[in-house]
Amino acid sequence: MSSVGFPKSYSTEDALEKLKILAKRYPPQSKVVEVSFSIIGRVLADDVEAIEDIPAFRKSLVDGFAIIYNQSGTKRKIVGESTAEKPYDAMIQLGECVRITNGGVVPDGADTVVPFENVTLNDEEKCIQINVKHSRGEYIRERGSEAKEGQVLIKNGSKLGSLEVNLLCALGISQVEVYKNPRVCIMSALNAATNQKQTHEHSNRSRLLRIFQIQGFKPIDAGESSMKPKKMEKNLQIAADFACVIVIIGDINKIQKVIQKMNLKIYIDGIVPDNFVFGHGSIDRKPVFLCVLPQHLTPAWVGANVFIFPLMRTLGGQGFDSNYRLEGNLTTTVEESPRKLEFYSIRTELSNGVSKQESEANQRANSLLKTSENATYSSGDTVAIVLTDFT
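Quick caveat, the model's predicted, so the values are computed rather than measured. (Residues numbered from 1 in each chain as written. Predicted model: local features only at pLDDT ≥ 70, side-chain atom pairs only at ≥ 80, totals over all residues. Heavy atoms only, no water.)

Peer 1: Sorry if this is basic, but what is going on with the packing of aromatic side chains here?
Peer 2: Each aromatic ring pair is characterised by the separation of its centres together with the angle its planes make. Counted according to the given criterion, the structure contains seven aromatic pairs. Considering the side-chain rings of phenylalanine 65 and phenylalanine 116, the 4.9 Å spacing of their centres and the 75 degrees angle between planes classify their relative orientation as edge-to-face. Pair noted here: phenylalanine 65 is in strand β4 (residues 64–67) and phenylalanine 116 is in the loop between β7 (112–115) and β8 (119–122), with a separation of 51 residues, a long-range link. Between the aromatic rings of phenylalanine 217 and phenylalanine 309, the centroid separation amounts to 5.8 Å while the plane-to-plane angle is 35 degrees, which identifies the pairing as tilted. Of this pair, phenylalanine 217 sits in the loop between α3 (195–214) and β14 (219–226) while phenylalanine 309 is found in helix α6 (residues 297–315), placing the two residues 92 residues apart along the sequence. For the pair phenylalanine 217 and phenylalanine 309, a shared accessibility class is recorded, and that class is buried. Positioned above the aromatic ring of tryptophan 301, the side-chain terminus of arginine 207 is 4.7 Å from the ring centre. (Phe/Tyr/Trp six-rings, centres within 6.5 Å; stacked < 30°, edge-to-face > 60°. Helix = DSSP H or I, 4+ residues; strand = E, 2+ residues; numbered from the N terminus. Buried < 20%, exposed > 50% of the residue type's maximum accessible area, 1.4 Å probe, protein only. Lys NZ or Arg CZ within 6 Å of the ring centre and 35° of its normal.)

Peer 1: So what exactly am I meant to see when it comes to the side chain of aspartate 53 here?
Peer 2: Examined against the element boundaries, aspartate 53 turns out to sit in the loop between β2 (48–49) and β3 (59–60). Of the residues examined, aspartate 53 reaches a relative accessible area of 17% and is grouped as buried. Polar contacts involving the side chain of aspartate 53 include one to the main-chain amide nitrogen of glutamate 149, which spans 2.9 Å. The contacts of aspartate 53, once residues within four sequence positions are left out, are Arg143, Gly144, Ala147, Lys148 and Glu149. (Polar contact = N/O pair within 3.5 Å; in protein donor to acceptor, adjacent residues only side chain to side chain. Contact = heavy atoms within 4.5 Å.)

Peer 1: Explanation requested: the sheet that holds strand β15 (residues 245–249) in the structure shown.
Peer 2: Either a parallel or an antiparallel arrangement is found when strands of a sheet pair, and the pairing is made through backbone hydrogen bonds. Taken in spatial order, the six strands of this open sheet run β14-β13-β15-β18-β17-β16, and their pairing is mixed. Two strands bound the open sheet, and with one partner strand each, they are β14 and β16 (265–268). Direction aside, neighbouring strands of the sheet carry axes that sit 25 degrees apart on average. As defined by bridge partners, strand β17 (residues 277–283) adjoins strand β18 (residues 286–293) across seven bridges and the pair is classed as antiparallel. Note on β18: the bridge partner recorded for phenylalanine 278 is cysteine 291. Contacting β13 (184–190), β14, β15, β17 and β18, helix α4 (residues 229–240) runs over the sheet at an angle of about 170 degrees to β14. The strands touched by helix α5 (residues 252–261) within the sheet are β13, β15, β16, β17 and β18, with β18 carrying the most contacts at an inclination of about 165 degrees. (Pairing = 2+ DSSP bridges. Axes fitted to C-alpha atoms, helices over the stretch in contact; angles between N-to-C directions.)

Structure follows, in structure tokens:
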């Protein structure tokens, strides 16, 4: 039994549901930042609304002449000019037209714009002759046709990309509220001081650091820690100064004892088929999540992708179920594993479908295939996959 009375083992679905409930206890924190391309990848913490109609006036889509459509004849007298900076300030009358620039304000009374290339200038450029038949309303973008005042343009929880940042700049918005990125420290817990053990643990930690970075997080390498309780406690206290999520790779049973000694709650343990442990609480009055992953590379990689990334995205203002999922066709057969693995590490090629890894430790794996118990998958089968460090 865990320290909070949960059953000894959990399925993946049960564990994810428990983590989802836990994440709701820790609302994401936000801050105000300056709008620039440096905020690409950040998550918006408040709706961005249109402060006025977009466009704020009737706008010409071409350089040409603004006219009244419903008028007999094709000749018009040029009575003025209209731009975005200096609009024509009178109402256009029958038989008149106004020279207008692309983006210029369409004068009151005009209902159509004729492009320059569709007219001939006459009488020393005082009149135009319209040479092409047009429809009413052509080449005019009406006021509010893109968005009305108060309309939500970018929703709370949206991940900002270059399009969103360009929109903010176009709207003249200089500051926005975004969620703070949760930080994560990754630490190896060593049982012995042999060089072989250190090399294995360092390789495991290095790969986790890389995939956390690829997923958009800023991981901190907390190095190696002795399994001696006092030393481990000290290293956890240091890590808590830098991050709210601490990932420990090592002997789960021994690390679990240290966690309990520090009065941290073991929230989930015994996730099958691989044993993962998740705890939470405070270290020196700082709220922390502790995630303990197995020493073996593949289970640690699965644990990070399946459990830790959704938790961190929630802490950063995104939804818990925000892993990148898609369907693909297998190019090889996936046999039932003797270990009854719930996940296979596989290689996904967008042009060539999905193929199973020949070795679990293969460094080319970039996605996960979730399997059913005792299931075998054949080449050509359509399967659901989760992209992990896909680039």
